Structure formats: structure tokens, C-alpha cells
Amino acid sequence: MDNLRSNGEDIIGVMDDRWSEEEWRGVPLLGGLDQFDRVVRQHPNSLYIIAIGQNAARKKITTLFEEKNVRFGKAIHSSAVISADAHIGEGTVIMANSVVNADATIGRHVIINTAATVDHDCSIKDYVHLSPGVHLAGGVEIGFSTHVGIAACLIPQVKIGRNAVIGGGACVIRNIPDCVLAVGCPAKVIKQFQESKE
Ligand SMILES: CC(C)(COP(=O)(O)OP(=O)(O)OC[C@H]1O[C@@H](n2cnc3c(N)ncnc32)[C@H](O)[C@@H]1OP(=O)(O)O)[C@@H](O)C(=O)NCCC(=O)NCCS
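Residues numbered from 1 in each chain as written. Predicted model: local features only at pLDDT ≥ 70, side-chain atom pairs only at ≥ 80, totals over all residues. Heavy atoms only, no water.

Peer 1: Just checking my understanding: could you explain the sheet that holds strand E3 (residues 27-31) for this structure?
Peer 2: By definition, the strands of a sheet pair up through backbone hydrogen bonds, in either a parallel or an antiparallel sense. Strand order in the open sheet formed by three strands is E1-E3-E2, and the pairing between neighbours is mixed. Looking along the sheet, the strands with just one partner apiece sit at the ends: strand E1 (14-15) and strand E2 (23-24). Pairing of E2 with E3 involves two bridges; the strand directions are antiparallel. Bridged to tryptophan 24 within E3 is valine 27. (Pairing = 2+ DSSP bridges. Helix = DSSP H or I, 4+ residues; strand = E, 2+ residues; numbered from the N terminus.)

Peer 1: What is the right way to look at the sheet that holds strand E13 (residues 117-118) in this model?
Peer 2: As summarised here, the arrangement of the six strands in space is E7-E10-E13-E16-E19-E22, forming an open sheet in which the pairing is parallel. In the strand order of this sheet, the two ends are held by strand E7 (81-82) and strand E22 (171-172), each with one partner. Two elements, E7 and strand E10 (residues 99-100), share two bridges in a ladder whose sense is parallel. Of the residues in E10, the one forming a bridge with valine 81 is valine 99.

Peer 1: Where do I start with the nonpolar core in this structure?
Peer 2: One broad trend across soluble globular proteins is that nonpolar side chains are buried collectively. Counting residues in hydrophobic clusters, the biggest one holds 32 residues, and the most contacted among them are Val118, Leu136 and Leu154. Sequence-distant contacts of leucine 154, that is, excluding residues within four places in its chain, are made with His135, Leu136, Ala137, Val140, Ile142, Val148, Ile160 and Val172. (Core = buried A, V, L, I, M, F, W, Y, C linked by side-chain atoms within 4.5 Å. Buried < 20%, exposed > 50% of the residue type's maximum accessible area, 1.4 Å probe, protein only. Contact = heavy atoms within 4.5 Å.)

Peer 1: What should I look at first to understand the site of the ligand in this one?
Peer 2: Near the ligand lie 13 residues; those nearest to it are Gly149, Ile150, Gly168, Ile190 and Lys191. A distance of 2.7 Å separates an oxygen atom of the ligand from a polar atom in the backbone of isoleucine 150. Within the side chain of lysine 191, a nitrogen or oxygen atom sits 3.3 Å from an oxygen atom of the ligand. Across the shell around the ligand, the residue classes tally to five nonpolar, seven polar and one charged. (Near = heavy atom within 4 Å. Polar contact = N/O pair within 3.5 Å; in protein donor to acceptor, adjacent residues only side chain to side chain. Nonpolar A, V, L, I, M, F, W, Y, C, P; charged D, E, K, R; others polar.)

Peer 1: Explanation requested: the state of the cysteines in the structure shown.
Peer 2: Disulfides are covalent bonds that link the sulfur atoms of two cysteine residues. According to the stated counting rule, one finds one disulfide in the structure shown. Through a disulfide, cysteine 171 is tied to cysteine 185; the S-S separation comes to 1.9 Å. Between cysteine 171 and cysteine 185, the disulfide has an S-S torsion of -105° and is therefore left-handed. Placement of cysteine 171 in strand E22 and of cysteine 185 in the loop between strand E23 (180-183) and strand E24 (188-192) is noted, with a sequence separation of 14 residues between them. Sulfur of cysteine 153: no disulfide; nearest cysteine sulfur belongs to cysteine 171 and is 6.4 Å away. (Disulfide = S-S within 2.5 Å.)

Peer 1: What exactly am I supposed to notice about unusual backbone geometry here?
Peer 2: Trans peptide bonds make up most of the peptide bonds, and negative phi angles are found at most residues other than glycine. A cis geometry characterises the amide bond from cysteine 185 onward to proline 186, with omega recorded as 0°. You will see that alanine 115, though not glycine, has its phi angle at about 55°, which is positive. Residue position: alanine 115 is located in the loop between strand E12 (111-112) and E13. Residue class for alanine 115 comes out partly exposed when judged on its relative accessible area of 30%. Here the phi dihedral of alanine 151 falls at roughly 65°; this positive angle occurs in a residue that is not glycine. With respect to the helices, strands and loops of the structure, alanine 151 is situated in the loop between strand E18 (147-148) and strand E19 (153-154).

Peer 1: Teacher, can you tell me more about the side chain of aspartate 16 here?
Peer 2: With respect to the secondary-structure elements, aspartate 16 resides in the loop between E1 and E2. Here aspartate 16 falls in the buried class, since its relative accessible area comes to 15%. Engagement of the side chain of aspartate 16 in a polar contact is seen with the backbone nitrogen of arginine 18, the distance being 2.8 Å. The residues touching aspartate 16, leaving out its near neighbours within four places in the chain, are Gly31 and Gly32.

Peer 1: Mind showing me how you'd approach the packing of aromatic side chains here?
Peer 2: A ring pair, where both rings are aromatic, is described by two values, the distance of the centres and the angle of the planes. Counted by the stated rule, this structure contains four aromatic pairs. Note on phenylalanine 36 and phenylalanine 65: the rings are 4.4 Å apart at their centroids and 65° apart in plane angle, and the pair reads as edge-to-face. A residue pair is termed long-range when its members are at least 10 positions apart, and phenylalanine 36 in helix H2 (residues 36-42) and phenylalanine 65 in helix H3 (residues 55-67) qualify at 29 residues. For the pair shown, phenylalanine 36 and phenylalanine 65 are each scored as buried. Each ring, one from tyrosine 48 and one from phenylalanine 65, has its centre 5.5 Å from the other, and the planes form 55°; the classification is tilted. Placement of the pair is tyrosine 48 in strand E4 (residues 47-48) and phenylalanine 65 in helix H3, with a sequence separation of 17 residues. In terms of burial, tyrosine 48 and phenylalanine 65 fall into one category: buried. Ring pairing ties together the aromatic residues Phe36, Tyr48 and Phe65, which thus form one cluster. (Phe/Tyr/Trp six-rings, centres within 6.5 Å; stacked < 30°, edge-to-face > 60°.)

What follows is the structure in C-alpha cells.
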């Protein structure tokens, strides 16, 4: 909501399963997922943002909305610096003081959290989450639904697989495969996930 308000955008409401009040932080609460059909019927032309940090949960809820053919917006804070030559996918959230440089490609429903930087020619696939203060040098590739932990740094051209987790503070200097947890400096794989977290 801060991102949208920083650009003076109208917010028609917030949906959340946890709350039954009528209003939250000055905007109407439209109900939880049980109200989903009604909300989409009443607001067919609105743009939606799935504001969930955990990648698999964000994908699950996004899929429900996609089935109703809703359109997704982008929530980019006014203080973020985005190159005119970067491509940003629908549903993506870019928080305050982040930077996305030239020819970077950011997928759909990505989160670029506070003060993260994505340098030139990076490729960030759908449902990735870059935590606050992450720095990606030029030409880095991050696979589908991977989570990069707070303040991690990745040197130029490294490739991270899909559904991976990079620990907070890691320095990644070699490619990291799919479905693993890598931590430390230099980052090493310490865990393999048995199955995809998609
Ligand atoms: C990487 C992370 C997800 C691992 O969590 P986890 O699976 O619960 O792992 P554990 O805490 O059980 O740690 C497993 C081992 O990895 C080590 N480890 C965990 N995170 C580490 C990190 N970031 N750097 C270095 N070592 C780390 C632990 O010391 C432990 O080692 P040990 O077995 O020798 O004691 C978590 O530690 C982390 O870095 N989270 C950052 C999340 C984040 O940035 N969130 C921001 C959202 S906006």
C-alpha cells in the first residue's frame, strides 16, 4: 500500500482471510478468499497485486486470480529507480530505494524488497523474492520462485536455479543449482530440497 500511495494511486480495498473489520489503514477490507468471486465480479476492471512474501503462497493465490482472468498491476515505490530499458512483469512489487538497471528483465509477481539493486542485463524469473539490501551484479540470472535472503551479494553472471534459497548475507560467486539452500561467503550448498516448493 505504501508503494501505491507513493504514486498517488487509488486503492479500492484489501483482501485478507484474517480480518473481519471493515477498514484497514484507511482502505476498505473486502473480505477473505471466501469473498473472492464477489470482489472480482464487483471490480472486474481493477488491477490486483498479490501482496504475499512467501513465493509458493504468492503463486498459489495468484493462480486462483488468474483463473478469473483478472489483470495484475505493478506496485513500484516512487523512490525506486527503474531504467527505461528494464522490463518489469505484471504483479511485481518493487520497494523503496531499489534500483533496476538497463536491460534487466524482471518476471511476473516478483518482489524486489527495500533497497535491493538489480544491475544491467540481469534476468529474474517469475515469483522470485529478492530480500532487502540484496545486490545483484550485471548479468545475474535467478530462477523461478527462488528466494534470495537479506543482504546477499551475487557477482556478475552467476546463475541461480529455480526454487532455491540463498541465505541472508551470502556472497554467491559460483552458479547454484535448482532446489537447494546455499549459505555463507563464498556461498556453499548445505541442503537439497526433496521436492519443488512450487
Ligand atoms: C537461510 C535460512 C532461510 C535458513 O533457515 P533454516 O533452513 O531454518 O536453517 P537453520 O537455521 O536450521 O540453519 C541450518 C545451518 O545453516 C546455517 N545458516 C543458516 N542461515 C545461514 C546464513 N544466512 N548464513 C550462514 N549460515 C547460515 C546455520 O548456522 C546452521 O548451521 P549448523 O547446522 O552448522 O548450525 C535463514 O537462516 C536465512 O538466512 N534467512 C534469511 C531470510 C530473509 O532474508 N528474509 C527476509 C524476508 S523480507
